[in-house]
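Below, each chain spelled out in residue letters.
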Amino acid sequence: MRSLLDRSARGDQAAFEGLYRAVAGPVYGVALRVLRSPAHAEEVAQEVLLEVWRSAAAYRPERGTVRAWVLTIAHHRAVDRVRAARASADRDHRAGFLGLTGGDPPDEQAIGSLDRRRVCRALALLSAAQREALVLAYYGGYTQREIALRVGVPLGTVKTRMRDGLARLRAALPSEEGGPGTSGW
């Protein structure tokens, strides 16, 4: 593998193809283990292999094998992706608590806060599978098909979970008129 990397560093595309075949699977595996999302793992694997092509000359044999070098790059890139996603979610969460999301008048903010608490309590009554499907759809912006792929279940199962979950939410949340189950969803 070392000679393939050395030749890749000199711009030999055929050598890089051989190196790619040798490390693409393990790179994807490392990324998938860290990210737990096939789509994100594919993106990271592509970025890593592009970085290997661009920085092949930076490899230092005294620091480890080619395989270890490439897999270390993959691991670091995947961890960076997780940290970036977590930091973004934390920023969004803090912005919501600081009231930076809309500038509504205080009375509307108070009502919205009460509504959010009621929805959170109602969501807690759902099964984990129903809650996950609804949260991914309404808060994550995923389609039912994307949820099925992400969760690894058939599309029909996602549709059933969402339908049943929405029915339970309707029953748990009072309507504008105050009666349960007639919220107009």
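The structure this text deals with has already been given above.
The model shown is predicted, which means the values in this text are computed figures rather than measured ones. (Residues numbered from 1 in each chain as written. Predicted model: local features only at pLDDT ≥ 70, side-chain atom pairs only at ≥ 80, totals over all residues. Heavy atoms only, no water.)

Visitor: Lay out the overall build of the protein chain with the relevant residues and their values.
Guide: Regarding its fold elements, the protein chain presents eight helices and zero strands. Buried positions account for 25% of the 185 residues belonging to the protein chain. In the protein chain, once contacts between residues fewer than 6 apart in sequence are set aside, the share between residues at least 24 apart is 51%. When the accessible surface of the protein chain is totalled, it reaches about 12,200 Å², and 53% of it is carbon and sulfur. (Helix = DSSP H or I, 4+ residues; strand = E, 2+ residues; numbered from the N terminus. Buried < 20%, exposed > 50% of the residue type's maximum accessible area, 1.4 Å probe, protein only. Contact = heavy atoms within 4.5 Å. Areas by Shrake-Rupley, 256 points an atom, 1.4 Å probe, with all protein chains shown as cover.)

Visitor: Quick one: what's the story with the pattern of salt bridges, residue by residue and with numbers?
Guide: Following the criterion strictly, the structure yields seven salt bridges and no others. The salt bridge involving R163 is made with D164; its shortest N-O contact spans 3.3 Å. In this structure R163 comes out as exposed when scored by relative accessible area, which is 52%. Salt bridges sharing common partners tie together E43, E47, E51, R77 and R81. (Salt bridge = Lys/Arg side-chain N within 4 Å of Asp/Glu carboxyl O.)

Visitor: How would you sum up a nonpolar patch on the surface? Please name residues and give values.
Guide: Taken together, the side chains of V135, Y138 and Y139 present a nonpolar region at the surface, about 350 Å² in accessible area. For Y138, a relative accessible area of 55% corresponds to the exposed category. (Patch = residues over 30% accessible without salt bridge, like charges linked within 9 Å, V, L, I, M, F, W, Y side chains within 5 Å.)

Visitor: Got a sec to walk through the environment of G11? Specific residues and values, please.
Guide: Counting through the fold element by element, G11 comes out in the loop between helix 1 (2-9) and helix 2 (13-35). Residues G11 and R54 lie 43 residues apart in sequence; the distance between their C-alpha atoms is 9.2 Å.

Visitor: I'd like a rundown of unusual backbone geometry, residues and numbers included.
Guide: Residues other than glycine seldom take positive phi values, yet R36 does so here, at roughly 60°. Within the secondary structure, R36 is located in the loop between helix 2 and helix 3 (38-54). Relative accessible area serves as the criterion here: at 73%, R36 is assigned to the exposed category.

Visitor: Now, about the environment of E132: what can you tell me, with residues and values included?
Guide: Locating E132 in the fold gives a position in helix 6 (residues 128-138). E132 gets classed as partly exposed once you look at its relative accessible area, which sits at 37%. Remark: the alpha-carbon pair of E132 and V158, spanning 26 residues in sequence, is separated by 9.7 Å.

Visitor: Account for the packing of aromatic side chains, naming residues and giving values.
Guide: This structure, assessed with the given rule, holds three aromatic pairs. Among the aromatic side chains, those forming a connected cluster through ring pairs are F16, Y20 and W53. (Phe/Tyr/Trp six-rings, centres within 6.5 Å; stacked < 30°, edge-to-face > 60°.)

Visitor: Got a sec to walk through the nonpolar core? Specific residues and values, please.
Guide: Counting residues in each nonpolar core, the largest one holds 24 residues, and the members touching the most others are L5, L19, V27, V48, V52, W69 and V70. Residue assignment for this core shows that the elements contributing at least two residues are helix 2, helix 3 and helix 4 (66-97). Considering every element that reaches this core, the biggest residue donor is helix 2, with eight residues. For W69, the residues in contact, after removing those within four places along its chain, are L5, V52, S55, A56 and Y59. Residues A122, L126, A148 and L166 belong to the second largest nonpolar core, which totals 14 residues. (Core = buried A, V, L, I, M, F, W, Y, C linked by side-chain atoms within 4.5 Å.)

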